[in-house]
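These are the residues of each chain, in order.
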Amino acid sequence: MLASLKGMWVTLANAFKKPVTAQYPKEHLPVQTRYMGFPVLTWDYDVQEPFCTGCMVCVRNCPTSCMSAQMMDNPLFKDGKSKRRKIIESFEINFGRCILCGICVDVCNFDAIEMSHQHELSVVVRNGNRADLPRLLEMGKAYQAEVEWTPKTKEEAKQEATA
Amino acid sequence: MAIDKQLDTLEVMLNMGPQHPATHGVFRMVLSIDGERIVDVEPHIGYLHRGSEKLCEHEQYSQIITLFDRLDYIANFNNELVVCMAAEKLMGTEVPERAQYIRTILCELNRIASHMLFYGTFALDAGAMTPSMYAFRERERIQQIFEATSGARMMHNYFRIGGVKQDVPEDFSQRVAASLGPIKETIEEADNLVTFNEIFLARSRDVGTIDGKTAVALGLTGPNLRASGVDYDVRRVQPYLVYDRLDFNVPLGDRGDCWDRFWLRIREMDESVKIVEQCLAQMETGPIMAPMRRISRPPKGEVYVHAENPRGDLGVYLVSNGGDRPYRLKIRPPSFCNLMSLKHMMRDAYVADAIMVLGSIDIVLGEVDR
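The structure displayed is predicted, hence computed values, not measured ones. (Residues numbered from 1 in each chain as written. Chains lettered and ligands numbered in written order. Predicted model: local features only at pLDDT ≥ 70, side-chain atom pairs only at ≥ 80, totals over all residues. Heavy atoms only, no water.)

> Describe the overall build of chain B, and please don't skip the residues or the numbers.
Looking only at helices and strands, chain B features 15 helices and eight strands. Along the first, second and third principal axes, the C-alpha set of chain B runs to 90 × 50 × 35 Å. Taken across its 370 residues, chain B has 60% of its residues classed as buried. Looking at chain B alone, contacts between residues at least 24 apart form 72% of all its contacts between residues at least 6 apart. For chain B, the accessible surface area stands at approximately 14700 Å², while carbon and sulfur atoms represent 54% of it. Positive and negative side-chain charges of chain B, numbering 42 and 52 respectively, have mean locations separated by a distance of 6 Å. (Helix = DSSP H or I, 4+ residues; strand = E, 2+ residues; numbered from the N terminus. Buried < 20%, exposed > 50% of the residue type's maximum accessible area, 1.4 Å probe, protein only. Contact = heavy atoms within 4.5 Å. Areas by Shrake-Rupley, 256 points an atom, 1.4 Å probe, with all protein chains shown as cover. Lys, Arg positive; Asp, Glu negative; His and termini not counted. Charge placed at Lys NZ, Arg CZ, Asp CG, Glu CD.)

> Which residues make up the interface of chain B and chain A, and what values do they have?
Between chain B and chain A, the residue contacts involve 32 residues of the former and 27 residues of the latter. A combined buried area of about 2400 Å² lies between chain B and chain A, and 44% of that area is made up of carbon and sulfur atoms. At the junction of chain B and chain A, the tally comes to two salt bridges. Note that B:E189 is salt-bridged to A:K17, the shortest N-O span being 3.6 Å. (Buried area = accessible area lost by both parts, 1.4 Å probe. Salt bridge = Lys/Arg side-chain N within 4 Å of Asp/Glu carboxyl O.)

> Mind laying out the environment of B:G35, listing which residues take part and the relevant values?
Residues and elements named next belong to chain B. Within the secondary structure, G35 is located in the loop between β2 (28-34) and β3 (37-44). Note on G35: relative accessible area 54%, which makes it exposed. Residues G35 and Y350 lie 315 residues apart in sequence; the distance between their C-alpha atoms is 8.9 Å.

> Help me get a handle on the sheet that holds strand β6 (residues 301-309) of chain B, residues and values and all.
Residue and element names in this part refer to chain B. In spatial order, the strands read β6-β7-β8; together these three strands make up an open sheet with antiparallel pairing. Sheet topology places β6 and β8 (328-332) at the edges, where each strand pairs with a single neighbour. Sheet twist, expressed as the average angle between the axes of neighbouring strands with direction ignored, equals 10°. Pairing geometry for strand β7 (residues 312-320) and β8, over five bridges, is antiparallel. Directly across from G315, in β8, lies its bridge partner R332. Those strands touched by helix α3 (residues 76-91) are β6, β7 and β8, and its axis lies near 150° from that of β6. (Pairing = 2+ DSSP bridges. Axes fitted to C-alpha atoms, helices over the stretch in contact; angles between N-to-C directions.)

> Could you give an account of the nonpolar core, with specific residues and numbers?
Residue and element names in this part refer to chain B. Formed by 105 residues in total, the largest nonpolar core has its most connected members in F68, L109, Y119, F159, L329, L342 and M346. For this core, the element with the most residues is helix α4 (residues 97-126), which contributes 13 residues. Residues in contact with L109, not counting those within four places in the same chain, are I142, I145, F146, V176 and V276. (Core = buried A, V, L, I, M, F, W, Y, C linked by side-chain atoms within 4.5 Å.)

> If you had to explain the pattern of salt bridges to someone new, which residues and values would you point to?
All names here are of chain B. Enumeration over the complete set of coordinates arrives at 35 salt bridges over all chains. R203 is paired through a salt bridge with D353; the nearest N and O atoms lie 3.1 Å apart. You can see R203 sitting in helix α7 (residues 198-204) and its partner D353 sitting in helix α14 (residues 351-361), a full 150 residues away along the chain. A salt bridge links D233 to R235; its shortest N-O distance comes to 2.9 Å. Through salt bridges with shared partners, one network takes in E108, R111, R226, D233, R235, E268 and E308.

> Go over the packing of helix α1 (residues 2-15) of chain A against helix α5 (residues 130-150) of chain B with me, naming the residues and quoting the values.
Running from N to C, α1(A) and α5(B) point in directions that differ by 55°, and their axes come no closer than 12 Å. Between α1(A) and α5(B), the angle falls in the class oblique. Handedness of the α1(A)/α5(B) crossing: left-handed. Contacts from A:V10, A:T11 and A:N14 in α1(A) reach B:T130, B:Y134 and B:R137 in α5(B). Across the contact of α1(A) with α5(B), the residue classes tally to two nonpolar, three polar and one charged. (Parallel < 35°, antiparallel > 145°, perpendicular 65-115°, else oblique. Left-handed = near helix turned anticlockwise from the far one by under 90°. Nonpolar A, V, L, I, M, F, W, Y, C, P; charged D, E, K, R; others polar.)

Put into structure tokens, the structure is as follows:
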């Protein structure tokens, strides 16, 4: 009997607590800074071109083979505007296959791919989750603006300079 | 013509699952019942089979960690740990202190999260709706810490061979410490609400009993084994990570019934909270990753590593031929082995208790079928 009353007391005490439920489609909880959403390609604003050179290291290391890439000669390099000899021609990530593991970001040598905060990508068209280069860069720009992104190699150089 | 043969009674076959919410996944049981009494039970597994072991042979070591995330999808960190430890043991890598403490904290938090989910779902199996809400609320706290640390709520891919992916956020210690208080409160609530509730006691006491000797013979591990009074905890017997420096108790049951299995997990949460507190106090700054080559190539050889998961003793047998992919990787999932005791526990129980017994074993089908 006493135990039942104790249980009732727990429920009663909880009834006056503030609800923690967020009514999802209407209400969005903020994601954490490190949140790994879908991978996107970053944009180099200094040179006005993508960071990605199409080196294929992410494609090779992807556990689910969800992406494909194609490199080309960089026209800006010929003009002397960019230091990148090669640049990405086409890039596709199949978000339906992506498992958000972050391995591509780990292996990238050029800070060209980042895990964005984008995680709501339900579509109503077939293959709508296959993102091509323009869309990935668009998502990347949005992410860069959101978190005031700086390339990791630059950051490390800055840290070394201060240390 | 007179019928001189006497009419026999037949056992009724009752199919349960695979799409039954109380089977905690896609699990099918065929019960043979005599009235309300279960005579025999035939478990059918394999609905979630993904061929993880075979897939491991075609993936690099860094990619295998993602597969282990998906075995026991309620205790991801504990799974990642075992495969990392296996490769590290084969390569003879010394993991830095800080990484070991980070791993211990995350694994113990994951144990709390897993047991918290068990508390909710088991009460739900017993017919109580409310505890599952409270349990999920508390689990969410831990999940948020995980998200802040690893970037993902469930499929973290955070442990690396030789350490962890990146250092924990700056406010990690404060956040963990702040969440331990509410967790302790919830454990107390669980005791008040469910554990010592007479209705729950009547429902789970002496149901699905298994004695220690049989439990050992059937290969039970983890809380299920300890509920039968067998003092076996890998953290104690073969300490890994930093468990040999930590002070914690291993709770033991005596009757080995559903209530013991429930009570024991609640007590384990207490111990995990204690472990996390000690780790936070002992943790020092330092490197989080041993110097490693980019692609791990363990030398030729074989190794067996096991660790105490929330569900039991997860073992990994790794055979390497010196390449960047394992030659063979055998997984010994605790849930699968614990499921062996189902027949024994369910015999002579009532149909209404079938769900209770299954729930008390706390299986995760991702791990059973793997």
